[in-house]
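# Commentary on secondary and tertiary structure
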Protein chains: 2
Amino acid sequence: MSTEEYPRSVNFGPARSFSIVLRSKMKETFFPDDPFRQFKSETSAGRRALKGLQYFIPILEWLPNYTLNLFKYDLLAGITIASLAIPQGISYANLAQIPPIIGLYSSFVPPLLYAVFGSSRHLAVGTVAACSLLIAETIEKKAEPSTDLYVSLVFTATLFAGLFQTVLGLLRLGILVDFLSHSTITGFMGGTAVLIILQQMKGFLGLKHFTAHTGIVYVIRAIIQNRNECNWKCTLIGIAFLAFLQLTRYVKKLKSSLFWVSAIGPMVVVVSGCLIAYSVGGKLGLSTVGPLKKGINSLSVNRLIFSSKYVLAPLKAGLITGLIALTEGIAIGRSFALSTNDHIDGNKEMIAYGAMNIIGSMTSCYLTTGPFSKTVVNFNSGCKTPMANVVQSVCMLMVLLFMAPLFSHTPHVALSAIIISAMLGLIKYKKAYHLFHTDKFDFLICMSAFFGVSFISMDMGLIISVGLALVRAMLYMARPGTCKLGNIPNSNLYRDVEQYPRTIGHSRILILQLGSPIYFANATYLKDRIWRWVRDENESSSSKQDIEYVLLDLGGVTAIDHTGVEALLEVRRTLENKRIKMILVNPRIDVMDKLILMGTLEKIGKEAVYLSTEDALHACKFTQHQTQELMDRAL
Amino acid sequence: MSTEEYPRSVNFGPARSFSIVLRSKMKETFFPDDPFRQFKSETSAGRRALKGLQYFIPILEWLPNYTLNLFKYDLLAGITIASLAIPQGISYANLAQIPPIIGLYSSFVPPLLYAVFGSSRHLAVGTVAACSLLIAETIEKKAEPSTDLYVSLVFTATLFAGLFQTVLGLLRLGILVDFLSHSTITGFMGGTAVLIILQQMKGFLGLKHFTAHTGIVYVIRAIIQNRNECNWKCTLIGIAFLAFLQLTRYVKKLKSSLFWVSAIGPMVVVVSGCLIAYSVGGKLGLSTVGPLKKGINSLSVNRLIFSSKYVLAPLKAGLITGLIALTEGIAIGRSFALSTNDHIDGNKEMIAYGAMNIIGSMTSCYLTTGPFSKTVVNFNSGCKTPMANVVQSVCMLMVLLFMAPLFSHTPHVALSAIIISAMLGLIKYKKAYHLFHTDKFDFLICMSAFFGVSFISMDMGLIISVGLALVRAMLYMARPGTCKLGNIPNSNLYRDVEQYPRTIGHSRILILQLGSPIYFANATYLKDRIWRWVRDENESSSSKQDIEYVLLDLGGVTAIDHTGVEALLEVRRTLENKRIKMILVNPRIDVMDKLILMGTLEKIGKEAVYLSTEDALHACKFTQHQTQELMDRAL
């Protein structure tokens, strides 16, 4: 190629102003999906206001277009998930050690709020086992379970969770939720499932004395100590219920159209349990949930406690469960949206969850989110809009007004069987096995959550796992990866010599590709590593001449800080002392801005910066050629 | 170009084994500078053993080649830094609130140890102001300053610092030191300088009562409250000393060969201070340091305290000061090595510092490192090897054996003037100003350390600053930067359209470059962002046709985890639902391994992966051309 074509022009600035860069970065950080673009296209202020209202209150968007046809589907789905809500509500309230009626209340008010504020078409609102257990674990340190004080603290925790979720949503801090990786959640849910299953041994075996602790060791010891209290009749019934439920799940796996079989399974267990307990419960020694009074939720605003003596436990419980509920609910909403091509604005969903929990805490409900099991049932039942949640609410209203007392005969063993069956599905051993084979660090993160939760405590398990995930991120930050590039024969492509061993090198020229970012954490490493590349190249047997040029391909480096730029300058100085020239190739826009601002571009000179490796090589060879000519003339 | 040339072959594996990858990553993380390569070239076991010994005990390497010529230089340098060691030793021991003689001890034993184990030719060993203050601040919460218990705890803190440093060095955890960025250290040192200057107001103004706290607010309040105690004669003398010292610094700035003027400045001040105090000290009301007995360091092994009642404070002090001392010392050693083309193995230096402090703690010395001021003097005095430290030790031995009592007359105001003069040099306002203009986040990190240390406490200031630096790293991790690529006219180069606005796009093909890494923290962001790129492209007025292909350039992506790969698959599914094909361009070796291991390569197909953007475009157009032909034939 003729020299006129080289070099192509590098964009040497000027650097963009700070305000432009800040604005662009704020947008990327908080509004990556550009949720307000729909407003820009509207011209009149009135329509913008309407769009704004519709954005924050989604029901205003889908309700006007609602048809009877859609309602048919939503009605069926709503009834189906309501039938799941009753056993789940009573069971999980039991887990949280609060009166079972609160579990039913929590499937009345929150789903209505989600229908108004929520974006997902398929999400079904209800309580979740993991958060129920976590709340119990945290609150019971401050108050005796099932007392008025305990229940009030649970409501207060729910309020804090809701406030936390709303604040995250309004400040668009969904970024925080992203730091809980899938592996952490899988391990956490698995560990929690193990804890819950072990805890259910009390109801399952009909024990009277148990342990207050949740760790595996405590539970096994308690079972061994109290084995005389085992009620074998109760256990047999429990095994029968459990076998039935597992069978319904298996049926669903065999033929997916028979999903409704596993959906009504828990209701069947509750009803048969009630019948058994009502008829022969006394002789069998079955304990039941106790009285469930008629009537809808009472207001619980006056029960919220903010006194400094008690407020720390609900605050802690609220923050952790709020975060976990968000992570689970949004992940579930998104995965279903993927299959139907919708898009979920995570930050907006957080506001919906926040509303559910804030208002729920004031109407005798405790923490709710979008549980996976219920949402799957909702989806398979063919729901079309959030109206299914409204139908669920109405069904729950009927139950609360007329049928609640009937469920007071539900034996604990039935609830235990339902919970154990649900929890068995959460121990994703196949996924963990797959993780082990594909990404061992992620496997470690998953297992640390699992074992941390099982053997230490739920919050410690979460902290250790998130900590390990952050360590992984920090290790990447400290060692972002560099490689030596070589030329793919018969092309102008330069690729990693380790990945493409047949590449050809250039004598006297070393081409390196640097990893991103170049920050304080890896500045020293970079200097050492580049120096080691040069040393290895000079000492390798294949090279006959010493290196004269080092080309640093910055095409992948999207960010550099002050320390990073100083590191590049130090590399240049070290190389210059060895009479090696440093060339920068393809600096990206942020890097170029920094080089200009810090005066580094002036120091190294524009003739040391090129748009591509080809351009740089051409210039180097031209210079080498010129030098050779001069030397020849001198001789 | 003919079709035979395209596409160039992508390396489709097989994936490298886990052990190979792990080994490679461990080497990058812990041995990036490959410190043991020199051993590989040795063939005999005997020579390898010798090399190994020389590696761990560097004196065995340079001492055999020592000449009288070198000694001339080292002798001069050693005497010069010894003259600085006396005033600095007494002043900083005062700061640490321990008997001043310990400051002199600390310039006797530790430099000898550094000469044996240290690698830097220019580093001069001594005590530092910041760590002295930090130790005092932490230990005085547990014991009354200047008591035997207090001094014992200081020695214990020094031992813990040494142990921590040695462990870091042996485990090659120098990576941790890299997380203290330059900006943090600048702000921390500046804030500490302010604290120390304010503290010196007691000695400077001749106050009797002061405050135990170090915060700005407390000190100003104490000065105002006790202003009646101000001894104006004392203050005048202090101002005179300070002016003299600042003048010597200015002389050095004017003419660098006159550096020795500022080097002997402190000694001149001490000597004149002694004379003034000896002659008229009583009349002027000058307080002096008190008795300094003759004799060398006594063993202090028996004074080390490990009882649980007291051990926490020295442990905390030792860890923090150990880390700061390391960071400062290694940074200083490296910056001087840069100018003389040496290379410092950071992890080996840590072992040297560890030895200094462990053995120092057992011989009545407290925390030492390589202070900048002393090292600069050493360098400017023309030192050639660590022998200068040995000379310093010998000089200090002379002082301890014969001259120590003479310095007992040193007035506190002289020490205050010396300290204030040294601290003024640490407030790097020019650097902060430069930071503000070049990198505002780094400026924030620097200022948070400065104000945190000045207004809250030293450890809080450090924690806040390091925390902010980590937040910066995490923000990068969550938003690694993506851009749209366009073709530079008359070339096969594809660059960021924002950086190079004259690029040309392709109709129906969108080319995006993804940032590195693709981890759990940014997986969701990536999905949203790619989708937004597609949406914006389809809606922009310039495009007449919808996008049919999305090319993702992974050339800069050096790492991907499980969640990241799942995110790519979800992007593919979302695009497929819109009948858009996703193409991957130039996946790097780690990414390719992961795609193979997770079975993703099979899912997306090898025909969706190309070595370069050109190859991919060629294939897309070929397919488009074929589709067009088929459609034409059908019509």
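My aim in this report is to walk through the structure given alongside it, one point at a time. Keep in mind it's a predicted model, so treat the numbers as computed, not measured. (Residues numbered from 1 in each chain as written. Chains lettered and ligands numbered in written order. Predicted model: local features only at pLDDT ≥ 70, side-chain atom pairs only at ≥ 80, totals over all residues. Heavy atoms only, no water.)

Looking now at the overall build of chain A. The number of helices and strands found in chain A is 28 helices and six strands. By its C-alpha atoms, chain A is 115 × 65 × 55 Å across when sized along the principal axes. Each of the 635 residues in chain A was classed as buried or not, and the buried ones make up 59%. Across chain A, the fraction of contacts at a sequence separation of at least 24, relative to all contacts at a separation of at least 6, is 81%. Side-chain charges in chain A split into 60 positive and 42 negative, and the spacing between the mean points of these groups amounts to 11 Å. (Helix = DSSP H or I, 4+ residues; strand = E, 2+ residues; numbered from the N terminus. Buried < 20%, exposed > 50% of the residue type's maximum accessible area, 1.4 Å probe, protein only. Contact = heavy atoms within 4.5 Å. Lys, Arg positive; Asp, Glu negative; His and termini not counted. Charge placed at Lys NZ, Arg CZ, Asp CG, Glu CD.)

Counting from both sides, the interface comprises 90 residues of chain A and, opposite them, 90 residues of chain B. Buried area between chain A and chain B, summed over both chains or domains, comes out near 8500 Å², and the portion from carbon and sulfur atoms is 53%. Interface area lost by chain A to chain B is led by A:Leu338, A:Gln499 and A:Phe520, which between them contribute 9%. If you look at where chain A meets chain B, you find ten salt bridges. (Buried area = accessible area lost by both parts, 1.4 Å probe. Salt bridge = Lys/Arg side-chain N within 4 Å of Asp/Glu carboxyl O.)

What follows concerns the relation of the copies chain A and chain B. Mapping chain A onto chain B calls for a screw motion: a turn of 180° about the axis and a shift of 0.0 Å along it, with 0.0 Å RMSD after fitting. Expressed as a symmetry operation, the mapping of one chain copy onto the other fits a two-fold axis. If distances are taken from each C-alpha of chain A to the rotation axis, the shortest is found for A:Gly556, at 2.0 Å. Of the interface residues in chain A, 100% have counterparts in chain B that sit at the interface too, so the contact is made through matching surfaces. (Least-squares fit on C-alpha atoms with pLDDT ≥ 70 in both.)

Residue and element names in this part refer to chain B. With 23 residues, helix 9 (residues 148-170) should cover 33 Å at 1.5 Å per step; its first-to-last C-alpha distance of 33 Å lies within 8% of that length. Taking burial as the measure, the 23 residues of helix 9 include 17 buried ones, the bulk of the element. One or two steps after helix 9, the chain reaches Arg172, where phi turns positive at roughly 50°. (Expected span 1.5 Å × (residues − 1).)

Taken together, the side chains of B:Arg249, B:Lys252, B:Lys253 and B:Lys430 present a region of like positive charge at the surface. Residue contributions to the positive patch peak at three residues, all from helix 14 (residues 232-254) of chain B. (Patch = residues over 30% accessible without salt bridge, like charges linked within 9 Å, V, L, I, M, F, W, Y side chains within 5 Å. Areas by Shrake-Rupley, 256 points an atom, 1.4 Å probe, with all protein chains shown as cover.)

Residue and element names in this part refer to chain B. Topologically, Ser91 is positioned in helix 5 (residues 68-95). One polar contact links the side chain of Ser91 to the main-chain carbonyl oxygen of Pro87, over a distance of 2.4 Å. Each residue touching Ser91, except ones within four places of it in the same chain, is listed here: Leu415, Ile418 and Ile419. (Polar contact = N/O pair within 3.5 Å; in protein donor to acceptor, adjacent residues only side chain to side chain.)

Our focus in this paragraph is the sheet that holds strand 2 (residues 494-496) of chain B. The six strands are arranged 2-1-3-4-5-6 (chain B) in an open sheet whose pairing can be described as mixed. The sheet is open, and its two edges are formed by strand 2 and strand 6 (609-610) of chain B, each paired on a single side. (Pairing = 2+ DSSP bridges.)

In this structure, A:Ile98, A:Ile139, A:Phe188 and A:Tyr366 are the most contacted members of the largest nonpolar core, which totals 102 residues. The contact partners of A:Ile139, leaving out residues within four places of it in the chain, are A:Tyr150, A:Leu153, A:Val154, A:Ala157, A:Ala313, A:Pro314 and A:Ala317. If you look at the next biggest cluster of nonpolar residues, it comprises 100 residues, including B:Leu133, B:Phe155, B:Leu168 and B:Val466. (Core = buried A, V, L, I, M, F, W, Y, C linked by side-chain atoms within 4.5 Å.)

Here we take up helix 13 (residues 216-225) of chain A. Residues and elements named next belong to chain A. Among all positions of helix 13, only Ile216, Val219 and Ala222 are buried. Down the axis of helix 13, the buried side of the element spans an arc of 135°, and every buried residue falls inside it. Here the buried face of helix 13 lies against helix 11 (182-199) and helix 22 (440-456). (Arc of directions from axis to C-beta.)

Next up on the list: the packing of aromatic side chains. One pass over the full model with this rule turns up 24 aromatic pairs over all chains. Ring plane angle 35° and centroid distance 6.2 Å describe the contact between A:Tyr114 and A:Tyr353, whose orientation is recorded as tilted. Residue A:Tyr114 is found in helix 7 (residues 109-117), and its partner A:Tyr353 is found in helix 17 (residues 346-361); the two are separated by 239 residues along the sequence. Between A:Tyr519 and B:Tyr476, the aromatic rings sit 5.9 Å apart at their centres with planes inclined by 65°, giving edge-to-face as the arrangement. Taken together, the residues span two chains, with A:Tyr519 in the loop between strand 3 (509-513) and helix 24 (520-539) and B:Tyr476 in helix 23 (residues 458-478). You can call A:Tyr519 buried: its relative accessible area is 6%. (Phe/Tyr/Trp six-rings, centres within 6.5 Å; stacked < 30°, edge-to-face > 60°.)

Let us look at the environment of A:Ile102. Residue and element names in this part refer to chain A. Inspection of the secondary structure puts Ile102 in helix 6 (residues 100-105). Measuring from C-alpha to C-alpha, the distance between Ile102 and Tyr366 comes to 7.2 Å, with 264 residues separating the pair along the chain. Setting aside residues up to four positions removed in sequence, Ile102 forms contacts with Val151, Phe155, Ser364, Cys365 and Tyr366.

This brings us to unusual backbone geometry. Cis peptide bonds are those with omega within 30 degrees of zero, and the linkage from A:Ser516 to A:Pro517 qualifies with -5°. Topologically, A:Pro517 is positioned in the loop between strand 3 and helix 24. One non-glycine residue, B:Gln97, lies in the positive phi region at around 60°. We classify B:Gln97 as partly exposed; its relative accessible area is 25%. Of note in this structure, B:Asn586 is not a glycine but carries a positive phi near 55°.

Another aspect to go through is the sheet that holds strand 2 (residues 494-496) of chain A. Residues and elements named next belong to chain A. Strand order in this open sheet of six strands is 2-1-3-4-5-6, and the pairing throughout is mixed. Edge positions in the sheet fall to strand 2 and strand 6 (609-610), since each of these pairs with one other strand and no more. Bridge count between strand 3 and strand 4 (residues 549-553): five bridges; the pairing is parallel. Looking at the pairing, Leu512 lines up with Leu552 of strand 4. Packed onto the sheet, helix 24 meets strand 1 (483-487), strand 3 and strand 4 and runs at close to 145° relative to strand 3. (Axes fitted to C-alpha atoms, helices over the stretch in contact; angles between N-to-C directions.)

Our focus in this paragraph is the side chain of A:Ser152. Residues and elements named next belong to chain A. Position of Ser152 relative to the elements: it lies in helix 9 (residues 148-170). With a relative accessible area of 8%, Ser152 lands in the buried category. Dropping the residues within four chain positions of it, Ser152 is found in contact with Arg303 and Ile305.

Looking now at a nonpolar patch on the surface. All names here are of chain A. Together, Val217, Phe451, Phe455, Ile456, Met460, Ile463 and Ile464 make up an exposed nonpolar region whose accessible area comes to about 640 Å². Where the nonpolar patch is concerned, the elements lending two or more residues are helix 22 and helix 23 (458-478). Among the secondary structure elements, Ile464 is positioned in helix 23. The partly exposed category is assigned to Ile464, whose relative accessible area is 30%.

Our focus in this paragraph is the packing of helix 8 (residues 129-139) of chain A against helix 11 of chain A. Residues and elements named next belong to chain A. Running from amino to carboxyl end, helix 8 crosses helix 11 at an angle of 70°, the nearest separation of the two axes being 10 Å. When the axes of helix 8 and helix 11 are compared, the pair comes out roughly perpendicular. Regarding helix 8 and helix 11, the two cross each other, and that crossing is left-handed. Seen from helix 8, the contacting residues are Ala129, Ala130, Leu133 and Glu137; seen from helix 11, they are Phe188, Met189, Thr192, Leu195, Ile196 and Gln199. (Parallel < 35°, antiparallel > 145°, perpendicular 65-115°, else oblique. Left-handed = near helix turned anticlockwise from the far one by under 90°.)

Moving on: the environment of B:Val271. Tracing the backbone shows B:Val271 in helix 15 (residues 259-284). The sequence separation of B:Val271 and B:Ala414 amounts to 143 residues, and the corresponding C-alpha distance is 9.3 Å.

Of all the five residues making up strand 5 (residues 581-585) of chain A, four are buried; the element is thus mostly covered by neighbouring parts of the structure. At this point the chain moves from strand 4 of chain A, through helix 25 (residues 562-577) of chain A, to the parallel strand 5 of chain A, and the crossover so formed is right-handed. (Right-handed = clockwise from strand over helix to strand, strands pointing away.)

What follows is about the pairing of strand 4 of chain A. Residues and elements named next belong to chain A. With five of its five residues buried, strand 4 lies for the most part within the structure. Here strand 4 shows a buried face lined by Tyr549, Leu551 and Asp553 and a second buried face lined by Val550 and Leu552. Strand direction decides the pairing type here: strand 4 and strand 5, joined by five bridges, are parallel. For Val550, the partnering residue across the bridge sits in strand 5 and is Met582.

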